[in-house]
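# What the coordinates show
Each chain, letter by letter, is given below.
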Amino acid sequence: HFYKRERTEHNLNMEMSTPQVVSKSFNIQQTISAGLEEDVEMIIYKVFDEFEKNSGPRFNIFTEVWHQTSMGLIFSGRESFREMFQFTEELFLRVKKYALSTLGGKTNHALVRYAALYLLYSLYFKQPCRPRVKIRLIKEELEDLLETNVMARQENHWDVLYSWSKLFTSHAFHYVACQGQMGLEVALQMEQKEVEERNTSGSKEEYFKSKEFLGLMKKMGKAHSKYVSMKTSLASSNVETEKSLFLTDQSFPQTVRQVGEQENKKREEASRAGNSAIGEKRRGIKYKFYGGSEDVPGGQEDERRVEEDEWRPVISFSKRGRGGRGRGKKGERGGKKSGN
């Protein structure tokens, strides 16, 4: 019940805050996977809630949520086959992590894993790509999914077993050694993807500025004020036997808020330091490539310019110097001829 209540509050806060996040972070140059993480999380936890209400992971419950959310339209609007292929790969990658036993370093709920398997099954056979995009699986992920199916067999969830068997017999999985593609030809694409994901996830990492945290702080402030007023009406700090009731922080919500602000400042300073270090390293590599030294500190820009000016070759001479030397040589030739 605690897990369900926590997820319900999270979904409500996400639904309230998602339109504002999308309107603020919209960019004409945004990636094809923008907003994909939120859509996948929304439908999986909606299915999870319905599973708990109906006490079982039935596939007909999943199909009802599928039609309610119009998840089948997620492939619409793609401009080319290449974009559709890349989008489908990103979609499978984001859904697959919810089907594993651990999610975000914590134990994943079994009903969440069943919902993710249903979603993988539906998206794989719904995708418009021909040939179909396969789901990448490393050895550890395959073993994890097999354990999930063993658990489903023990609990007699035959719908889950059918979805897995259909995917397996249809050769829906691509067994690989790495989760992502590796190689020189994809190095630049991977770097761009990491930068874009870092930029899009920046707002998620700032939890202490999120609407969810502010809502919790508001609730905690009201509960704390009620607690303090009730305590002062029933006890007194002047009585020796009741002094222990007043050892708690009287301004606890404000203290938590200050801790959150300090944490945000630390993260901002760390991100600035990381960005400056990366910039200095790239500048040093570029300068080394063009014939400079390996390390170029940020405070020695003026010295570097002076050295570059000293080593810069002279391109032209003055006309007067060339003319004077030319006339002198001509006169000498004339004198020698006249003397002869």
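Each remark here, short or long, concerns the structure printed above.
Since we're looking at a predicted model, the values are computed, not measured.

Thresholds applied
- Residues numbered from 1 in each chain as written.
- Predicted model: local features only at pLDDT ≥ 70, side-chain atom pairs only at ≥ 80, totals over all residues.
- Heavy atoms only, no water.
- Axes fitted to C-alpha atoms, helices over the stretch in contact; angles between N-to-C directions.
- Helix = DSSP H or I, 4+ residues; strand = E, 2+ residues; numbered from the N terminus.
- Parallel < 35°, antiparallel > 145°, perpendicular 65-115°, else oblique.
- Left-handed = near helix turned anticlockwise from the far one by under 90°.
- Contact = heavy atoms within 4.5 Å.
- Nonpolar A, V, L, I, M, F, W, Y, C, P; charged D, E, K, R; others polar.
- Buried < 20%, exposed > 50% of the residue type's maximum accessible area, 1.4 Å probe, protein only.
- Core = buried A, V, L, I, M, F, W, Y, C linked by side-chain atoms within 4.5 Å.
- Expected span 1.5 Å × (residues − 1).
- Arc of directions from axis to C-beta.

## Thoughts on the packing of helix H4 (residues 81–96) against helix H5 (residues 110–126)
- Here H4 crosses H5 at 165°, and the two axes come no closer than 9 Å. Considering the angle they form, H4 stands roughly antiparallel to H5. By crossing handedness, the relation of H4 to H5 is classed as left-handed. Contacts between H4 and H5 involve Leu91, Phe92, Val95 and Lys96 from the first element and Ala116, Leu119, Leu120, Leu123 and Tyr124 from the second.
- Looking at the contact of H4 with H5, its residues break down into eight nonpolar, no polar and one charged.

## Concerning the environment of Ile135
- Examined against the element boundaries, Ile135 turns out to sit in strand S3 (residues 135–137).
- Assessed through its relative accessible area of 1%, Ile135 is described here as buried.
- When near neighbours in sequence (up to four residues on either side) are disregarded, Ile135 contacts Phe92, Lys96, Leu120, Ala172, Phe173 and His174.

## A word on the nonpolar core
- Ranked by internal contacts, the top residues of the largest apolar core, which has 48 residues, are Val40, Ile44, Ile74, Leu91, Leu119 and Leu123.
- If you list the elements that add at least two residues to this core, you get helix H2 (36–54), helix H3 (59–69), H4, H5, S3, helix H6 (139–154) and helix H7 (158–169).
- Here this core takes 13 residues from H5, the largest share from any one element.
- Those residues in contact with Leu91 that sit more than four places away from it in its chain are Leu36, Val40, Ile74, Phe75 and Leu123.

## A closer look at the packing of H5 against H7
- Packing of H5 against H7 leaves a shortest axis separation of 10 Å and a crossing angle of 40°. One way to sum up the angle between H5 and H7 is to call them oblique. Pair H5 / H7 crosses with left-handed handedness. Within the contact between the two elements, H5 uses Tyr114, Leu117, Tyr118, Leu120, Tyr121, Tyr124 and Phe125 and H7 uses Asp159, Val160, Tyr162, Ser163, Trp164, Lys166 and Leu167.
- Class assignment for the residues of the contact of H5 with H7 results in 11 nonpolar, one polar and two charged.

## Describing H6
- For H6, spanning 16 residues, the distance from its first C-alpha to its last is 23 Å, which sits close to the expected 22 Å at 1.5 Å a residue.
- If you check which residues of H6 are buried, you get Glu141, Asp144, Leu145, Thr148, Asn149 and Ala152. Seen from one end, H6 has its buried residues packed into an arc of 140°, which puts them on one side. What points out from H6, more than 90 degrees from its buried face, is the exposed set Lys139, Glu140, Glu147 and Gln154.
- Buried residues in H6 make contact with H4, H5, S3 and H7.
- Note on H6: the residue one or two positions beyond its end, Asn156, has a positive phi of about 60°.

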